[in-house]
Amino acid sequence: MQAPVATDDPAGAPRQVDGATLKLNLHQLENFRTSLYVVAGMTAGVLGLTSLYGFGFYVLVYFFGAFLSHLKTGMNSSKYFLSPATLYRDGLTGGFFTYVLFWTFLFGVVRHSDGRA
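This text gives an overview of the structure that appears in the document.

Rules and cut-offs
- Residues numbered from 1 in each chain as written.
- Predicted model: local features only at pLDDT ≥ 70, side-chain atom pairs only at ≥ 80, totals over all residues.
- Heavy atoms only, no water.
- Axes fitted to C-alpha atoms, helices over the stretch in contact; angles between N-to-C directions.
- Helix = DSSP H or I, 4+ residues; strand = E, 2+ residues; numbered from the N terminus.
- Left-handed = near helix turned anticlockwise from the far one by under 90°.
- Contact = heavy atoms within 4.5 Å.
- Nonpolar A, V, L, I, M, F, W, Y, C, P; charged D, E, K, R; others polar.
- Salt bridge = Lys/Arg side-chain N within 4 Å of Asp/Glu carboxyl O.
- Buried < 20%, exposed > 50% of the residue type's maximum accessible area, 1.4 Å probe, protein only.

1. A look at the packing of helix H1 (residues 19-47) against helix H2 (residues 51-72)
- Put simply, H1 and H2 touch, their axes get as near as 10 Å, and they point 145 degrees apart. Between H1 and H2 the crossing geometry is right-handed. Residues Leu29, Phe32, Leu36, Tyr37, Ala40, Thr43 and Ala44 of H1 form the contact with H2, whose participating residues are Phe57, Tyr58, Val61, Tyr62, Gly65, Leu68 and Ser69.
- Among the residues forming the contact of H1 with H2, the class breakdown is eleven nonpolar, three polar and no charged.

Listed below in structure tokens is the structure:
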């Protein structure tokens, strides 16, 4: 990731932001999340998680991914994004549909191949 946000001026001047770099960082974050949800959905399907266990697994993966993103920024996410909440708040629902797609697909494939269909 690249730092699009200049350091804060103690005089209270507004921060300068490079829009292209910020957009690149958000794009990289979205790609990471999508890949994470695909792998998590596949894992949940293969493990045979159902009902609340599957949804609970999604919540764990979501916060784990946000934590990994926070570590990637060197625990200073405000340097790379406009708000540190971007890592924890944004993308919760969009990733859910990707997760459910792979979760149900792999769950069906594994259960059908076991003869438990």
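Next comes the rest of the description.
2. A look at the pattern of salt bridges
- One pass over the full model with this rule turns up one salt bridge.
- Put simply, Asp90 and Arg89 hold a salt bridge, and the shortest N to O gap is 3.4 Å.
- Residue Asp90 is classed as partly exposed on the basis of its relative accessible area, which comes to 32%.
- Classification of Arg89 by relative accessible area gives exposed; the value is 54%.

Any link to function would need more than the numbers given here.
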